Amino acid sequence: MSSFFKRAVAGFIATLTLMLLCGIRVATVATDEKLMAAGLNQSKRKVVISQRRGSILDCFGRPITDEILESVTLVFPNEQGPMVLSELLTGDELMTALNKLKNGNAVRVNKAYKKETEGAVSIEIPKRYSGTLTHIIGYTDSSNNGVAGLEKGMNSILKSDNAIIVSYEIDSTGRMLSGAGYSIDYGQTDTFVKLTVDREIQIILENAMSVVESGAAVIIDAENGKIKATVSRPDYDPYNIADALNDEAAPLINRALYSYNVGSVFKPCLAAAAVENGKADYRYNCRGVFEHSGLSFKCHKSSGHSVLDLKSAISQSCNTYFYTLGLELGADAVYKTAGSFRFSKPLDLGGGIISSAGSLPSKEALLASPAALINLSIGQGDLMLSPVAISLMYCAIVNNGKYYMPSIIEGVSKNGVYAPNESLPPTLAINADTAQSLKEYLKNTLKEGTGNAAYIEGISAGGKTGTAQTGWIKDGRNILNGWFCGFYEGMNTNYVIVILKEDVRSGSYDCAPIFKEVTERLNGEGY
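I will try to describe carefully the structure that is included in this document. Just so you know, these numbers come straight off a predicted model, no measurement behind them.

Before going further, it helps to examine the nonpolar core. Judged by nonpolar contacts, the single largest core of 94 residues is most densely connected at Y321, F343 and I390. Residue contributions to this core peak at 10 residues, all from helix α16 (residues 387-398). Aside from chain neighbours lying at most four places away, what touches I390 is V265, F343, L385, W483, C485 and V498. Judged by nonpolar contacts, the second largest core, of 27 residues, contains I201, V231, I456 and A461.

When you line up the elements, R199 lands in helix α8 (residues 199-208). At 3.3 Å, the side chain of R199 and the backbone oxygen of P63 are in polar contact. Contacts of R199, omitting those with residues within four sequence positions, involve D58, R62, P63 and E67.

So, about the sheet that holds strand β10 (residues 192-195). Strand order in the open sheet formed by four strands is β2-β10-β20-β21, and the pairing between neighbours is mixed. Looking at the sheet topology across the chains shown, the edges are occupied by β2 (55-57) and β21 (417-420). Neighbour-to-neighbour, the strand axes of this sheet turn through a mean angle of 15°, independent of strand direction. In terms of strand pairing, β2 meets β10 through three bridges, oriented parallel.

All right, on to the sheet that holds strand β8 (residues 159-170) then. The antiparallel open sheet is built from three strands, whose spatial order is β1-β8-β9. The open sheet has two free edges, formed respectively by β1 (43-53) and β9 (182-185), since each of these has just one partner strand. The sheet shows a mean angle of 15° between the axes of neighbouring strands, direction not considered. Here four bridges tie β8 to β9, and the two strands are oriented antiparallel to one another. Along β9, the bridge assignment pairs I165 with D185.

The rules we used
Residues numbered from 1 in each chain as written. Predicted model: local features only at pLDDT ≥ 70, side-chain atom pairs only at ≥ 80, totals over all residues. Heavy atoms only, no water. Core = buried A, V, L, I, M, F, W, Y, C linked by side-chain atoms within 4.5 Å. Buried < 20%, exposed > 50% of the residue type's maximum accessible area, 1.4 Å probe, protein only. Helix = DSSP H or I, 4+ residues; strand = E, 2+ residues; numbered from the N terminus. Contact = heavy atoms within 4.5 Å. Polar contact = N/O pair within 3.5 Å; in protein donor to acceptor, adjacent residues only side chain to side chain. Pairing = 2+ DSSP bridges. Axes fitted to C-alpha atoms, helices over the stretch in contact; angles between N-to-C directions.

Listed below in structure tokens is the structure:
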């Protein structure tokens with residue numbers, strides 16, 4: 001700041017202070033009649049510091065919103081106010097604030113002021129968003145209405161007329177009365193939305209997914225379908241939506257609810273169909289390629305896997321085994337089993353959070369085209385599913401065939417009355433014996449198969465890798481999506497964990513280590 005500007009600011013402050021002092025002097029020497037008239041014009045001015053909304057809590061009642069406090073200072077239009085502003089602001093920002101103060105308006109500054117003075121009050125107010133569970137929570141507009149996520153879907157519960165308000169007495173000229181003080185109304189509300197999410201599990205998943213530029217992850221309690229954590233990358237700043245809207249990476253998309261090509265993580269569906277339809281003993285000699293109707297369908301291992309049964313085919317993720325298994329089962333059996341897991345159906349998690357329907361080839365299309373059935377058998381072709389949708393198949397496998405609809409709302413409280421969310425009863429997607437067999441196959445995949453990068457000695461877990469072709473070309477190379485879908489048998493319940501990463505080398509290379517980190521942390525924290 002130049003010496004000239006410093007002198008100008010000092011002169012402005014001195015002038016403003018002199019004006020305020022003169023106003024006070026005039027008031028004290030005025031006639032009794034004028035004093036009475038001024039007294040009649042005295043009133044209380046209220047300044048809204050922050051609008052309040054109902055809180056969003058985790059399953060244990062711990063805050064997810066309004067958790068972090070930030071300091072703001074309200075500078076009053078009195079004789080001490082200009083000096084406080086000069087210590088908080090500089091340059092044009094200071095001049096604008098001083099003019100506002102001169103006109104009898106208090107000035108809010110988003111900084112703390114530690115000194116004791118009648119010229120200002122510093123307040124700690126809750127910051128709505130802390131950067132966790134961003135895509136699920138969403139954001140609000142300038143009118144305090146929800147625009148996205150739970151903020152929108154639960155707006156009727158979360159929206160409040162309450163606000164943090166600072167009140168102070170003013171005279172007829174709008175200046176704060178000397179010595180009158182101020183009062184603060186923090187606008188407390190007992191309204192909240194309680195989620196199924198466990199904040200500690202959410203933090204574990206967010207940390208593990210920090211290495212992912214674009215992708216998603218979900219953790220679900222397999223025994224009831226409750227979402228315990230969910231992450232979408234890239235993240236966005238709910239205080240700066242304009243930048244997110246202009247970002248080519250599309251950070252506003254919740255990728256946990258978005259449909260993708262799934263690849264080999266679909267193969268347990270074929271395995272379930274095989275066990276349910278008397279084909280559990282099916283064996284096939286993989287030579288690296290399968291010919292059908294003049295078309296060649298390749299395995300990821302060009303030299304072949306030799307003779308495999310269902311358990312080893314899952315473990316080694318052999319494509320040709322599942323090509324031929326799909327044809328052996330037929331379109332009816334494959335389509336029926338896929339339907340039992342509600343594939344191609346939208347999934348309502350509650351609170352306006354809906355997982356996309358994705359796509360599943362129709363039974364007619366599968367009957368008409370053997371190639372469509374062959375591609376579906378390894379999770380390719382027209383099949384597209386969201387991370388939430390595919391996770392529920394693994395939940396059913398872990399939970400003895402019982403399929404629960406997913407949920408993210410535990411309950412709501414309005415005006416002090418708490419209403420728990422009523423979960424729907426499960427349906428039986430597959431038989432318990434089928435589920436038990438598949439669970440053992442998936443455990444073996446971690447120990448001896450393509451999921452070995454996720455294996456931890458002494459931790460009971462299972463899973464399946466997937467590397468899906470997308471049809472997209474970037475810089476002359478095919479873009480692949482990587483998956484790891486698996487389960488962890490915890491201390492008190494069983495968790496299904498799904499990891500998706502866009503543009504990968506493979507699901508085994510890019511996603512299995514993330515699954516391993518999550519299960520290791522869950523186990524270490526006693527989950």
